[in-house]
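Read off the chains here:
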Amino acid sequence: MAGAVVPAIRIQREDFDVAAEIAGLTGGRTDIGAVVTFSGLCRDEQGALSALELEHYPGMAEAEIGRIAAEAIERWPLQGLTVIHRHGKIMPGENIVLVVAASSHRQAAFEAANFLMDYLKSRAPFWKKEHLADGSEGGWVDAKEADDHAADRWKKPGE
Amino acid sequence: MSTKLIYFAWVRERIGKPEEEVELPSGIETVSELLRWLRSRGEEYENALQYPDVIRVAINQEHVGHREKIAGAREIALFPPMTGG
């Protein structure tokens, strides 16, 4: 039953192990037919970036991702869901965010992971600051209008 | 009753502190009235909040719109559009 799924949500400074997170969702189970994972990584912007600093709103970050995850569980028949978002200083090549969605069939897992990422980008209280390779502070990353539009496409009629 | 205000990202940097307790004057009933009052508190607030339309607000750790009433708010957070993920 979809209602019985409790999402695992973690906000942490440490890195995560993608394979271990998948194994944690599927281990000992034989009913899962599809696992979709999305990992977001820090990129170096053609060598210009030395690190990203992720600020977050402790308490609300967990609560808001919990609300987004609960909506995903209501909308798709998921059998398991893990969301991890890191904060603090993150170097190019390192992980920032992970979504693992498990379901009987692939479509629900793909769509739920996609929905979660679109909503995380526009509603989870995190902010990225750039540190540049030349040693200067690069300033805060601007929110992209495209991310808001990406989230809007999941709205149900009348919302 | 005092209210806790919390600031993040460039809102925090421009105001120059991460949080503060304030006594809201009577007559401040909505989020937009709060933003207008804060801007009158000094140059750093004016600098942070001069384009109030872009400021996102959470009351008690939930997103709200600018027309939301702030009665009963324990914690009000002001921040720029989010850029996580």
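The numbering scheme is per chain: residues are counted from 1 as the chain's sequence reads. All chains are assigned letters beginning with A, and all ligands numbers beginning with 1, in the order in which they are written. Reporting of local features is limited, given that this is a predicted model, to residues whose pLDDT is at least 70; pairs of side-chain atoms are given and counted only at 80 or more, and all residues count toward the totals for whole chains, interfaces and linings.

### Things to note about the overall build of chain B
And then number 1: In this description a helix means any DSSP run of H or I spanning at least four residues, a strand means any run of E spanning at least two, and both kinds are numbered starting from the N terminus. For chain B, the count of helices and strands is 3 helices and 5 strands.
And then number 2: Along chain B, helices (α) and strands (β) appear in the sequence β-α-β-α-α-β-β-β when read from the amino end.
And then number 3: For the radius of gyration, the atoms used are the C-alpha atoms, and the globule rule reads 2.2 Å times the number of residues raised to 0.38. In summary, chain B has a C-alpha radius of gyration of 12 Å against a globular reference of 12 Å for 85 residues, a match within 12%.
And then number 4: By principal-axis analysis of the C-alpha atoms, chain B measures approximately 35 × 30 × 20 Å.
And then number 5: When the 85 residues of chain B are sorted by exposure, 31% land in the buried category.
And then number 6: Within chain B, contacts between residues at least 6 apart in sequence are counted, and of these 50% link residues at least 24 apart. A residue is called partly exposed when the number of other C-beta atoms within 10 Å of its own lies between 12 and 20, exposed at 12 or fewer, and buried at 20 or more, with C-beta atoms placed from the backbone. Contact definition: two residues whose C-beta atoms, as placed from backbone geometry, lie within 7 Å.

### A short note on the sheet that holds strand β4 (residues 78-86) of chain A
All names here are of chain A.
And then number 1: Whether two strands pair comes down to DSSP finding at least two bridges between them. The strand order β1-β4-β6-β2 describes an open sheet built from 4 strands, whose pairing is mixed. The two strands at the open ends of the sheet, each matched to only one other strand, are β1 (8-12) and β2 (34-41). If you compare each strand with its neighbour and ignore which way they point, the axes differ by 5° on average.
And then number 2: As paired elements, β1 and β4 share 5 bridges and run parallel to each other. Pairing of Arg10 across the sheet is with Ile84, part of β4.
And then number 3: Contacting β2, β4 and β6 (95-103), helix α1 (residues 18-26) crosses the sheet at an angle of about 25° to β6.
And then number 4: Lines fitted to C-alpha atoms define the axes here, with helix axes fitted over just the stretch in contact, and angles between the N-to-C directions of these axes take values from 0 to 180 degrees. Here helix α3 (residues 106-123) sits on the sheet in contact with β2, β4 and β6, set at roughly 150° to β6.

### What about the nonpolar core?
And then number 1: Each nonpolar core reported here comprises buried Ala, Val, Leu, Ile, Met, Phe, Trp, Tyr and Cys residues connected via C-beta atoms within 7 Å. One finds Ala72(A), Leu78(A), Ala101(A), Ala112(A), Leu116(A) and Ala77(B) to be the most contacted residues of the largest nonpolar core, which totals 55 residues.
And then number 2: The dominant element in this core, judged by the number of residues it contributes, is α3(A), at 8 residues.
And then number 3: Setting aside its immediate chain neighbours within four residues, Ala72(A) contacts Leu78(A), Leu81(A), Ala112(A), Phe115(A) and Leu116(A).

### Here we look at the interface of chain A and chain B
And then number 1: Contacts between the two partners involve 22 residues from chain A, matched on the other side by 14 residues from chain B.
And then number 2: Looking at the side of chain A that touches chain B, the element that brings in the most residues is α3(A), giving 5 residues.
And then number 3: Grouping the constituent residues of the side of chain A that touches chain B by class yields 14 nonpolar, 4 polar and 4 charged. Classification convention: Asp, Glu, Lys, Arg as charged; Ala, Val, Leu, Ile, Met, Phe, Trp, Tyr, Cys, Pro as nonpolar; all other residues, Gly among them, as polar.

### Overview of the packing of helix α2 (residues 60-75) of chain A against α3(A)
All names here are of chain A.
And then number 1: In contact at an axis separation of 10 Å, α2 and α3 are set at 150° when each is read in the N-to-C sense. Between α2 and α3, the angle is such that the two are roughly antiparallel. Handedness of the crossing formed by α2 with α3: right-handed. For the pair α2 and α3, the contacting residues are Glu64, Ile65, Ile68, Ala69 and Ala72 in the first and Ala112, Phe115, Leu116, Tyr119, Leu120 and Arg123 in the second. Oblique is the label for any angle not covered by the other classes, which are roughly parallel (under 35 degrees), roughly antiparallel (over 145) and roughly perpendicular (65 to 115). Working rule for handedness: look at the near helix, and if it is turned counterclockwise from the far one by less than a right angle, call the crossing left-handed; if clockwise, right-handed.

### Digging into unusual backbone geometry
And then number 1: Backbone geometry places Glu45(A), a non-glycine residue, at a positive phi of 50°.
And then number 2: In this structure, Glu45(A) sits in the loop between β2 and β3 (49-56).
And then number 3: Located in the positive-phi region is Asn60(B), a residue other than glycine, with phi close to 50°.
And then number 4: Here Asn60(B) lies in the loop between β3 (56-59) and β4 (62-64).

### Here's the deal with the packing of α3(A) against helix α4 (residues 145-152) of chain A
Residues and elements named next belong to chain A.
And then number 1: Between α3 and α4, whose axes approach to 8 Å, the crossing angle comes to 135°. The angle between α3 and α4 falls in the class oblique. Here α3 runs over α4; the crossing is left-handed. Packed against α3, whose contacting residues are Asp118, Tyr119, Lys121 and Ser122, the element α4 presents Asp147, Asp148, Ala150 and Ala151 at the interface.
And then number 2: Looking at the contact of α3 with α4 residue by residue, the classes come out as 3 nonpolar, 1 polar and 4 charged.

### Things to note about the sheet that holds β3(A)
Residues and elements named next belong to chain A.
And then number 1: The strand order across the open sheet built from 4 strands is β5-β3-β7-β8, with neighbouring strands paired in antiparallel fashion. The open sheet has two edge strands, β5 (88-90) and β8 (137-140), and neither has a second partner. Direction aside, neighbouring strands of the sheet carry axes that sit 25° apart on average.
And then number 2: Alignment of strand β7 (residues 126-132) against β8, held across 3 bridges, turns out to be antiparallel. Looking at the pairing, His131 lines up with Glu137 of β8.

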